[in-house]
Amino acid sequence: MIVTPMQVAYMIGGLASGGVFRQPHLLKDAQFQKSAGAGTGEPANNGSGASPAQVSLLRERRVNISESTVEKVTQGMYGVVNEGGGTAAAIKLQGIEFCGKSGTAQVIGENAKTRFGKGEKKFNNNAWFVGYAPRRDPEIVVAVLVEEGGHGASASGPIVRDIIKAYYDKKAKKGQGQTTVELKRYDLDAAPKAQIVERSKPTVKPEQAAAAVEPVSARSHSLNRFRN
């Protein structure tokens, strides 16, 4: 069987979503349309009467998968990472329902390895890992293939873990609010000196103002150093 990392991520994401397979895309805030029938993949206008030009190109396929099957498979992938004896227990993430499956793909068979050189790196197995979170209806799915990496749990798994952790770290920071700086452009030849040394002010949420603003003494000292 030949598959790409994108196909593996698509399949695992659809299975963990209970049979809802969403088309991969590079469009921000793209909208999906349900298929006309289960498993057909054909777009539908949901009775809106919209013309083809107005219908989103993104397709959502729905495949009938029993709830018991989805529950068993997703619980199994949860156990791979989070339960004792799981092949990827070493990459567990605290506080995140990180699930996944390790995989090893042979480049050539064991008999061929013996004949052509068992110790040669070019014959090492390819390492697979596909991970997602949370356990049901995932927000993020990541598939990684490390060529000649050996074991999926040790070569590909940590990469998947770091990507998913970065996603949730960024999401948490957005929820807390971030201090941002408004960038300004200056004409250094024409602008007066007072305008050139003016600092752009950070934009903060009201509830963060007390924590984000520097003390007066520290701010004055910093500004004096800047002017000097």
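The structure presented is a predicted model; accordingly, all values stated were derived computationally and were not measured.

**Q** Whenever I open this one, the side chain of Ser 102 confuses me. Can you help?
**A** You can see Ser 102 is positioned in strand 4 (residues 99-105). A polar contact of 3.0 Å, which involves the side chain of Ser 102, links it to the side chain of Thr 87.

**Q** Help me out: how do you make sense of the side chain of Asn 126 in this one?
**A** Examined against the element boundaries, Asn 126 turns out to sit in strand 5 (residues 126-133). Assessed through its relative accessible area of 18%, Asn 126 is described here as buried. At 2.8 Å, the side chain of Asn 126 forms a polar contact with the backbone nitrogen of Glu 148.

**Q** It is not clear to me how unusual backbone geometry should be interpreted in this structure. Could you clarify?
**A** Most peptide bonds take the trans form, and the phi angle of most residues other than glycine is negative. A cis amide bond links Ala 133 to the next residue, Pro 134, at an omega of -10°. One can find Pro 134 in the loop between strand 5 and strand 6 (140-146). One non-glycine residue with positive phi stands out, namely Asp 137, at about 50°. Its location among the elements puts Asp 137 in the loop between strand 5 and strand 6.

**Q** Just to check I follow, could you spell out the packing of aromatic side chains for this structure?
**A** To describe a pair of aromatic rings, you give the distance between the ring centres and the angle between the ring planes. A full pass over the atoms with the stated rule returns three aromatic pairs. On the basis of an interplanar angle of 50° and a centroid distance of 5.5 Å, the ring pair of Tyr 10 and Phe 21 is categorised as tilted. Of this pair, Tyr 10 sits in helix 1 (residues 5-16) while Phe 21 sits in strand 1 (residues 20-22), and the two are eleven residues apart along the sequence. Here Tyr 10 falls in the partly exposed class, since its relative accessible area comes to 27%. On the basis of an interplanar angle of 90° and a centroid distance of 5.1 Å, the ring pair of Tyr 167 and Tyr 168 is categorised as edge-to-face.

**Q** Explanation requested: helix 5 (residues 157-176) in the structure shown.
**A** Structural remark: α-helix, 3.6 residues per turn; residues separated by three or four positions point the same way. With 20 residues, helix 5 extends 29 Å between its outermost C-alpha atoms, agreeing within 8% with the 28 Å of an ideal straight helix rising 1.5 Å per residue. Of the residues making up helix 5, those classed as buried are Gly 157, Pro 158, Val 160, Ile 164 and Tyr 168. For helix 5, the arc enclosing every buried residue in end-on projection is 155°, short of the 170-degree limit, so these residues lie on one face. For helix 5, the exposed residues set more than 90 degrees away from the buried face come down to Lys 170 and Lys 174. Of the surrounding secondary structure, the elements contacted by the buried residues of helix 5 are strand 5, strand 6 and helix 4 (152-155).

**Q** How do you make sense of the confidence of the model for the protein when you look at a structure like this?
**A** Parts of the prediction with low pLDDT should not have their coordinates interpreted in detail. Model confidence for the protein is summarised by a mean pLDDT of 75, while 64% of its residues fall at 70 or above. Contacts for the low-pLDDT stretch residues 36-55, under 50 throughout, to residues beyond four places or in other chains number 25 contacts. Confidence drops under a pLDDT of 50 for residues 193-228, and excluding neighbours within four residues, the segment shows 31 contacts in the predicted structure.

**Q** Any chance you could explain the sheet that holds strand 5 here in plain terms?
**A** In sheet architecture, strand pairing relies on hydrogen bonds along the backbone and comes in two forms, parallel and antiparallel. Taken in spatial order, the three strands make up an open sheet running 4-5-6, and their pairing is antiparallel. One side of each edge strand has no neighbouring strand; the edge strands of this open sheet are strand 4 and strand 6. Geometrically, the sheet is characterised by an average inter-axis angle of 10° between neighbouring strands, direction not taken into account. As paired strands, strand 5 and strand 6 are joined by seven bridges and run antiparallel to one another. Bridge pairing links Tyr 132 to Val 141 in strand 6. Docked against the sheet, helix 1 engages strand 5 and strand 6, running at close to 35° with respect to strand 5.

Procedures and definitions
Residues numbered from 1 in each chain as written. Predicted model: local features only at pLDDT ≥ 70, side-chain atom pairs only at ≥ 80, totals over all residues. Heavy atoms only, no water. Helix = DSSP H or I, 4+ residues; strand = E, 2+ residues; numbered from the N terminus. Polar contact = N/O pair within 3.5 Å; in protein donor to acceptor, adjacent residues only side chain to side chain. Buried < 20%, exposed > 50% of the residue type's maximum accessible area, 1.4 Å probe, protein only. Phe/Tyr/Trp six-rings, centres within 6.5 Å; stacked < 30°, edge-to-face > 60°. Expected span 1.5 Å × (residues − 1). Arc of directions from axis to C-beta. Contact = heavy atoms within 4.5 Å. pLDDT = per-residue confidence, 0-100. Pairing = 2+ DSSP bridges. Axes fitted to C-alpha atoms, helices over the stretch in contact; angles between N-to-C directions.

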